Amino acid sequence: ADSAPTPTAPYVIVATVQIAPDRVEEFLPIIKGDAEGSRNEAGCTRFDVLRDTEDPNKFVFYEVYANIAAFESHQTEPHFQPWLEFYKSGGVTKLDAIKADGLYFSD
């Protein structure tokens with residue numbers, strides 16, 4: 001079966017991230033900047049950041065893009081870069097992501 005994203009379908013990411021406990025305060029303004037910047041992108045229709053009520057170092061991102069191309073464009077945006085650097089520097093201890101086409105989907 002072909003599991004590639006459908007080019008015209010909404011592209012959705014649900015990511016769960018575990019942040020190093022000593023880096024959460026550094027992480028918060030970085031992800032706020034990424035979320036706010038992303039919401040201003042033409043191809044991003046939703047970017048929510050949620051914090052787990054039982055584990056203050058665990059976060060969930062819910063991101064919706066018009067299509068896979070919009071997501072790929074998102075990854076080149078200036079507001080994405082601090083998140084990428086934070087990730088590469090070891091600030092994220094675990095990341096699990098579901099990448100999905102929007103199927104029964106509301107605007």
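Just above, that's the structure.
Fair warning: this is a prediction, and the values are worked out from it, not measured in the lab. (Residues numbered from 1 in each chain as written. Predicted model: local features only at pLDDT ≥ 70, side-chain atom pairs only at ≥ 80, totals over all residues. Heavy atoms only, no water.)

Within the structure shown, the criterion is met by four salt bridges. Salt-bridge contacts for Glu 36 lead to Lys 32; the nearest nitrogen and oxygen are separated by 3.9 Å. With Glu 36 and Lys 32 both in helix α1 (residues 24-39), this residue pair falls four residues apart, about one helical turn. The shortest N-O distance in the salt bridge between Asp 96 and Lys 94 comes to 3.7 Å. Its relative accessible area of 49% is what places Lys 94 among the partly exposed residues. (Salt bridge = Lys/Arg side-chain N within 4 Å of Asp/Glu carboxyl O. Helix = DSSP H or I, 4+ residues; strand = E, 2+ residues; numbered from the N terminus. Buried < 20%, exposed > 50% of the residue type's maximum accessible area, 1.4 Å probe, protein only.)

Attention now moves to the sheet that holds strand β3 (residues 58-65). Overall, antiparallel pairing links the four strands, which are arranged β2-β3-β1-β4 in an open sheet. Both edges of this open sheet fall to β2 (44-51) and β4 (92-101), since each of them pairs with a single strand only. Going across the sheet, the axis of each strand differs from the next one's by a mean of 10°, ignoring polarity. Bridge count for β2 against β3 is seven bridges, and the pairing is antiparallel. Note on β3: the bridge partner recorded for Phe 47 is Glu 63. α1 rests against β1 (11-19), β2 and β3 of the sheet, and its axis sits at about 160° to β2. (Pairing = 2+ DSSP bridges. Axes fitted to C-alpha atoms, helices over the stretch in contact; angles between N-to-C directions. Contact = heavy atoms within 4.5 Å.)

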